[in-house]
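One letter stands for each residue in the lines below.
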Amino acid sequence: MMKPYIKKMVLPALVLLGAGASVYLWMATHSGGDPEGFMKGNGRIEATEINIATKLAGRIDRILVDEGDFVEAGQVLAVMQTRTLEAELAEASAKHLQAITAEAAARMQIALRENDKRAAQATVTQRESELDIARRKQKRSAALAPSGGVSRQELDDDNARVNGAEAALVSANAQVDVAHAALESSRSEAEGARAAIRAAAATVARIQADIDDSTLLAPCGGRIQYRIAQPGEVLGAGGTLLNLVDLSDVYMTFFLPELVAGKVALGSEARIVLDAVPHQAIPATISFVASNAQFTPKTVETESERQKLMFRLKAQISPEFLQKNLTQVKTGLPGVAWVRLDAKVPWPDTLGGVQP
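How each quantity is defined
Residues numbered from 1 in each chain as written. Predicted model: local features only at pLDDT ≥ 70, side-chain atom pairs only at ≥ 80, totals over all residues. Heavy atoms only, no water. Phe/Tyr/Trp six-rings, centres within 6.5 Å; stacked < 30°, edge-to-face > 60°. Helix = DSSP H or I, 4+ residues; strand = E, 2+ residues; numbered from the N terminus. Buried < 20%, exposed > 50% of the residue type's maximum accessible area, 1.4 Å probe, protein only. Lys NZ or Arg CZ within 6 Å of the ring centre and 35° of its normal. Core = buried A, V, L, I, M, F, W, Y, C linked by side-chain atoms within 4.5 Å. Contact = heavy atoms within 4.5 Å. pLDDT = per-residue confidence, 0-100. Salt bridge = Lys/Arg side-chain N within 4 Å of Asp/Glu carboxyl O. Pairing = 2+ DSSP bridges.

## A word on the packing of aromatic side chains
Link 1 in the chain: Under the criterion given, the structure shown has one aromatic pair.
Link 2 in the chain: Ring centres of Phe 38 and Trp 347 lie 5.0 Å apart, and the angle between their planes is 45 degrees; this geometry places the pair in the tilted category. Taken together, the positions of Phe 38 in strand 1 (residues 38-53) and Trp 347 in the loop between strand 13 (334-340) and helix 6 (349-352) put the pair 309 residues apart, joining distant regions of the chain. The two residues Phe 38 and Trp 347 agree in class, both being buried.
Link 3 in the chain: Here Arg 271 stacks its cationic end above the ring of Trp 347, 4.5 Å away from the centre of that ring.
Link 4 in the chain: Residue placement shows Lys 314 over the ring face of Tyr 251; its charged tip is 4.2 Å from the ring centre.

## Quick notes on the nonpolar core
Link 1 in the chain: Of all hydrophobic cores here, the largest spans 28 residues; its most connected members are Phe 254, Leu 256, Ile 272, Ile 286, Leu 313, Ile 317 and Val 339.
Link 2 in the chain: Listing elements by their share of this core, those giving two or more residues are strand 1, strand 8 (240-257), helix 4 (258-261), strand 9 (269-274), strand 10 (277-289), strand 12 (309-317), helix 5 (319-324) and strand 13.
Link 3 in the chain: Here the element with the most residues in this core is strand 8; it accounts for six residues.
Link 4 in the chain: Apart from the residues lying within four places of it in its own chain, the contact partners of Leu 256 are Met 39, Lys 40, Gly 41, Ala 261, Val 264, Met 310, Phe 311, Leu 313 and Val 339.

## Quick word on the confidence of the model for the chain
Link 1 in the chain: Chain-level pLDDT for the chain is 83 on average; 85% of the residues reach the 70-or-more range.
Link 2 in the chain: Mean pLDDT across the elements of the chain ranges from a minimum in helix 1 (residues 4-30), with 40, to a maximum in strand 4 (residues 76-80), with 97.
Link 3 in the chain: This model gives residues 1-32 a pLDDT under 50, and the stretch forms 26 contacts once residues within four places in sequence are excluded.

## Brief notes about the pattern of salt bridges
Link 1 in the chain: As enumerated under the stated definition, the model contains 20 salt bridges in all.
Link 2 in the chain: The partner of Lys 95 in a salt bridge is Glu 91, and the shortest N-O contact between them spans 3.6 Å. On the criterion of helical spacing, the pair formed by Lys 95 and Glu 91 is a turn pair, its members being four residues apart in helix 2 (residues 83-144).
Link 3 in the chain: Looking at Lys 95, the relative accessible area reads 48%, which means it is partly exposed.
Link 4 in the chain: Notably, a salt bridge pairs Glu 130 with Arg 127, separated by 3.3 Å at the nearest N-O pair. Residue Glu 130 and its partner Arg 127 are both found in helix 2; the two are separated by three residues, about one turn of the helix.
Link 5 in the chain: We classify Glu 130 as partly exposed; its relative accessible area is 33%.
Link 6 in the chain: Through salt bridges that share partners, Glu 103, Arg 107, Glu 191, Arg 194 and Arg 198 make up one connected network.

## Focus on the pairing of strand 12
Link 1 in the chain: Pairing analysis gives seven bridges linking strand 8 to strand 12, with the strands arranged antiparallel. Bridging from a neighbouring strand, Tyr 251 pairs with Gln 316 of strand 12.
Link 2 in the chain: Of the pairings in the sheet, the one linking strand 10 to strand 12 comprises five bridges and is antiparallel in character. Within strand 12, the residue paired with Ile 286 across the bridge is Ala 315.

Take a look at the structure:
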């Protein structure tokens, strides 16, 4: 049986041992003693942010979401007032109908001018026939006049009839030209009316598109981060109402020395350990490695001297992990991104296990 004074020594030792194990786990992911074949860089959780803005200047009618709400792609987020646009649409629709009516009237004019031209052409045929008859009679009279077969008066009358028939034919041809010009004019008016129809239809479509764009939809699924404006406020074109965080694109930007960054390939595995959850390793993939080195920003702490050049990298969090922990995703959380420099080296226990 264990003596009392031994128990007093063993129990504190066990407590210290357990605490030491927890401290070691934290130190393994936050201290300067990196496991061989691995390198870490400090950073913060970031995500793609999208400003939900109005296309046109106007007054906000309704905002249907609040800060912190989760939204789906295509969900209605806000509605702008459209009374002015609806009035413009009514006016454009009336002009469209007016253009259709004008085009129908122009088509009727074309039919009328075509009939006028055909009538004028028929008159020309009639005048040509009359001229031919007059010339034949005048020719006979001219042949008989020397022998006294016809009187001089009758020959003069035949000559006059030829001249009259020729004048009538010239007039008939002129009427054909007038009818043709009127027909072409009507065709031009019809083409102009059809162009007016297309222009009016385009105006209707544009105004309708502006009305449709006045209903602001979520371009992707995510969470509303900020509500910048309120119903009743008047915004200019491009005015922002909401700020949306795309929770399918969450990552940590961090920096590594240039000698180390060259060993990291795109698509390499990575792990992210947040200060808030030091016992959990989040799966990630290196999705970006800068092509040029830069000085480390002052807001990023590294073990290297700040005067040395560093490469910026991005560790993209696994979409599967994000889907399972959607409500827990928060931007701005500080932590550490770990990268594996040697693919043959297995992840240590402190970084290999993923607890969703």
